[in-house]
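# Reading the structure
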Amino acid sequence: MKDISKHIVSGFKWETILKMLQQAVSFIVNIIIIRFLMPEDYGLVSLVAVVMNILLVVVDMGLNTAIIQKKNIDRGHLSTAFFINMGVGVVLFALIQVLSPVIGEYYKKPQMVPYLKTFSVVFIIRAASSVQVALTGRELNFKKSTIINMISVFLGTIVKIILAYLGYGVWSIIYGEIVSQICITIMFWIDTDFHISIYEVNGRYFRDIFRFGINVMLINLLTIVSQQIDMVVIGRILPSVKVGLYSIAFSISTGLPAHINSITQKVMFPAFLTFQDDDKGISESYFKLIKFLGLVSLPICAGIIFVIPEFTSIALKDKWMPAVPIIQILCIYAMSNSLGGILWGQLLKAKGHIRTVIWMTCIRLCSMIVFILIGAQWGLLGIAWSITIYGWIFRFLYQGVVNRIIYADMGNFMQSVLPSIVATGIMSIGLMFLKRLLILVELPELAIMLATILFGISIYVAAVYILYKKDFLALWHSIGVLFNNGQ
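What counts and what doesn't
- Residues numbered from 1 in each chain as written.
- Predicted model: local features only at pLDDT ≥ 70, side-chain atom pairs only at ≥ 80, totals over all residues.
- Heavy atoms only, no water.
- Helix = DSSP H or I, 4+ residues; strand = E, 2+ residues; numbered from the N terminus.
- Buried < 20%, exposed > 50% of the residue type's maximum accessible area, 1.4 Å probe, protein only.
- Contact = heavy atoms within 4.5 Å.
- Areas by Shrake-Rupley, 256 points an atom, 1.4 Å probe, with all protein chains shown as cover.
- Axes fitted to C-alpha atoms, helices over the stretch in contact; angles between N-to-C directions.
- Parallel < 35°, antiparallel > 145°, perpendicular 65-115°, else oblique.
- Left-handed = near helix turned anticlockwise from the far one by under 90°.
- Nonpolar A, V, L, I, M, F, W, Y, C, P; charged D, E, K, R; others polar.
- Patch = residues over 30% accessible without salt bridge, like charges linked within 9 Å, V, L, I, M, F, W, Y side chains within 5 Å.
- Salt bridge = Lys/Arg side-chain N within 4 Å of Asp/Glu carboxyl O.
- Disulfide = S-S within 2.5 Å.
- Expected span 1.5 Å × (residues − 1).
- Bend = angle between axes of the 7 residues up to and from the residue.
- Phe/Tyr/Trp six-rings, centres within 6.5 Å; stacked < 30°, edge-to-face > 60°.
- Core = buried A, V, L, I, M, F, W, Y, C linked by side-chain atoms within 4.5 Å.

## With respect to the overall build of the protein
Broken down by element type, the protein carries 18 helices and zero strands. Counting every position in the protein, which comprises 487 residues, the buried fraction comes to 52%. The contacts of the protein with a sequence gap of at least 6 include a subset with a gap of at least 24, amounting to 83%. Summing over all exposed atoms, the protein offers an accessible surface of approximately 22,000 Å²; the carbon and sulfur share of this is 68%.

Pasting the structure below:
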């Protein structure tokens, strides 16, 4: 158990480093590229990304998750998974070449067709390294995965910036992502002890890992569709300009909290598995995670609401100012996920309730469509508010299901989120008065933004330390353990 805990701490450390760097690099690159792109161009590339993200889930058919989960794996399983993945990747590439005009017609945006055809080569590239990535995850070797991804992101970023500067627009993002994926595949092949043989492929191995993998793939597919369904619907009913505004708004408002949740999900699934037969242990770990996630993520969401007007005016051009109120509304939506809104799926899968996850995700998917269509009657603002209302309704519905499975109640949940809610509320009230004062004295926008950030951090840290000193010290200790002891 100590070795597992050590791996988990190490994994969390390296995943945190990777995600923090990715977030920082992605943020800077997006700012640079956005300055070169018009909102309608950004809308097109966002729709291409939606199609790709959904279909990439199909590439490994859940076989790689089965490789990570299955106790005993031999070369036959690995070779079978590899060739199946490659076959699926080639088929998806061919389908996009044929069906991209149909996709463009659905969105009423034929301009996206050449982008789709070119970007679809990623299906084959990703398939070529999927088993190696799974083996790295099985070994809990997060350090290797982090280093490979860091190098690949860096190289892809250089390509994006250079091409954006040269005026390639949307193509700068497409080519940069392809370069990143190629680098990832090459490095995983070089650094992974994996030997394949077509002669070791047979139906028995396929059935052995497919039984688990198909359920995982279905869950992941439903999850990604439910996460992207807003763009699927909005992309059809709104013009590219408004799609671009919504896409950048969603990215800024939910980006950092989503990365924090992603780190926790990826690393804590193995951790939850170690407690899958211990209801008390998994319940304590779950609510402790929610508390710490809230303490870190919730003030970030609230802080963005206050600094985004000045930031957009300084860092972006005036063409992006209409996105500001959308960002502020969606930050309220992001708060629902900051309070552990994504952990429920990992916990239920670890407890073996895969069908429950599937049904809950299907309900979420259908509900999101209804909320978006209702909100669309009032334009982008209506859509943003409808998604926000949806997010908070389902946050508590999902929590009710989780509580029944781990024998907890809503009181346990409220107790875990109370510190972050109270401290963030105090910070927000302070920032409202500060902003009014700073605007009245007519300070430069940069001075207002910096003062807002510094004051917000100071008052939030002070509020948590004074009112919830025990939780503050526990979080601080956990961060120290994470970066000092994780190897």
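## A word on the packing of helix 15 (residues 379-405) against helix 16 (residues 410-440)
At a closest axis distance of 9 Å, the pairing of helix 15 and helix 16 adopts a crossing angle of 120 degrees. Judged on the interaxial angle alone, helix 16 and helix 15 are oblique. Taken as a pair, helix 15 and helix 16 cross one another with a handedness that is right-handed. On helix 16, the residues that touch R395, F396, Q399, G400 and N403 of helix 15 are M410, F413 and M414. When grouped by side-chain class, the residues that make up the contact of helix 15 with helix 16 number four nonpolar, three polar and one charged.

## Some details on a nonpolar patch on the surface
Side chains of F36, I147, I151, F154, L155, I158, I162, Y165, L166, Y168 and Y175 sit close together on the surface and give an oily, nonpolar patch of about 1,100 Å² of accessible area. A per-element tally of the nonpolar patch places helix 7 (residues 142-165) first, with seven residues. Here L166 falls in the exposed class, since its relative accessible area comes to 55%.

## A closer look at the state of the cysteines
Evaluation of the coordinates by the stated rule reveals zero disulfides. Between C301, a cysteine without a disulfide, and C331, which holds the nearest cysteine sulfur, the sulfur-to-sulfur distance is 6.0 Å. Accessibility expressed as a relative area gives 0% for C301, which makes it buried. For C331, a relative accessible area of 0% corresponds to the buried category.

## Examining the environment of H353
With respect to the secondary-structure elements, H353 resides in the loop between helix 13 (343-350) and helix 14 (354-375). C-alpha separation for the pair H353 and I405, spaced 52 residues apart in sequence, amounts to 9.0 Å. The residues touching H353, leaving out its near neighbours within four places in the chain, are L348 and I405.

## Remarks on helix 12 (residues 324-338)
Under the 1.5 Å per step criterion, the end-to-end length of helix 12 is 20 Å for 15 residues, consistent within 8% with the ideal 21 Å. Of all bends in helix 12, the biggest is about 25 degrees, found at I332. The buried fraction of helix 12 is high, at twelve of 15 residues. Phi turns positive, to about 75 degrees, at G340, one or two residues after helix 12.

## Quick look at the side chain of S416
Along the chain, S416 falls in helix 16. Judged by its relative accessible area of 4%, S416 falls in the buried class.

## A closer look at the pattern of salt bridges
Where charged atoms of side chains with opposite charge meet at close range, the side chains can pair. All chains considered together, the criterion is met by three salt bridges. Residue K435 is joined to E310 by a salt bridge in which the shortest nitrogen-to-oxygen separation is 2.8 Å. Here the residue K435 occupies a position in helix 16, and E310 occupies one in helix 11 (residues 279-315), the gap between them amounting to 125 residues.

## Looking at unusual backbone geometry
Phi at K108 is positive, roughly 60 degrees, even though this residue is not glycine. With respect to the secondary-structure elements, K108 resides in the loop between helix 4 (75-107) and helix 5 (113-119). Under the relative-accessibility criterion, K108 is labelled exposed at 57%. Backbone geometry places Y407, a non-glycine residue, at a positive phi of 55 degrees. If you trace the backbone, Y407 turns up in the loop between helix 15 and helix 16. Judged by relative accessible area, Y407 falls into the exposed class, the value being 68%.

## Some words on the packing of helix 16 against helix 17 (residues 445-467)
Packing of helix 16 against helix 17 leaves a shortest axis separation of 9 Å and a crossing angle of 150 degrees. On the basis of the axis angle, helix 16 is roughly antiparallel to helix 17. Crossing hand, helix 16 versus helix 17: right-handed. Of helix 17, the residues touching helix 16 (which contributes S420, V422, A423, T424, I426, M427, G430, L431, L434, K435 and L438) are I448, A451, T452, F455, G456, I459, Y460, A463, V464 and L467. Classifying every residue of the contact of helix 16 with helix 17 by side-chain character gives 15 nonpolar, five polar and one charged.

## With respect to the packing of aromatic side chains
Overall, the coordinates contain 16 aromatic pairs when judged by the stated rule. Seen in terms of ring centroids, F82 and W189 are 5.8 Å apart; in terms of plane orientation they differ by 85 degrees. Their pairing is edge-to-face. Of this pair, F82 sits in helix 4 while W189 sits in helix 8 (residues 170-191); the two residues are 107 residues apart in sequence, bridging distant segments of the chain. Note on Y286 and F287: the rings are 5.1 Å apart at their centroids and 65 degrees apart in plane angle, and the pair reads as edge-to-face. Side by side, Y286 and F287 carry an identical accessibility label, which is buried. One aromatic cluster in this structure is built from F371, Y390, F394 and Y398.

## Quick word on the side chain of N403
Looking at the element boundaries, N403 is found in helix 15. Classification of N403 by relative accessible area gives buried; the value is 5%. If sequence neighbours within four positions are ignored, N403 has contacts with F287, A408, D409 and M410.

## Remarks on the nonpolar core
Soluble globular proteins tend to bury their nonpolar side chains together. Y246 and I406 are the most contacted members of the largest nonpolar core, which totals 116 residues. With 17 residues, helix 11 is the single largest residue contributor to this core.

Interpretation in functional terms is not warranted from these geometric data alone.
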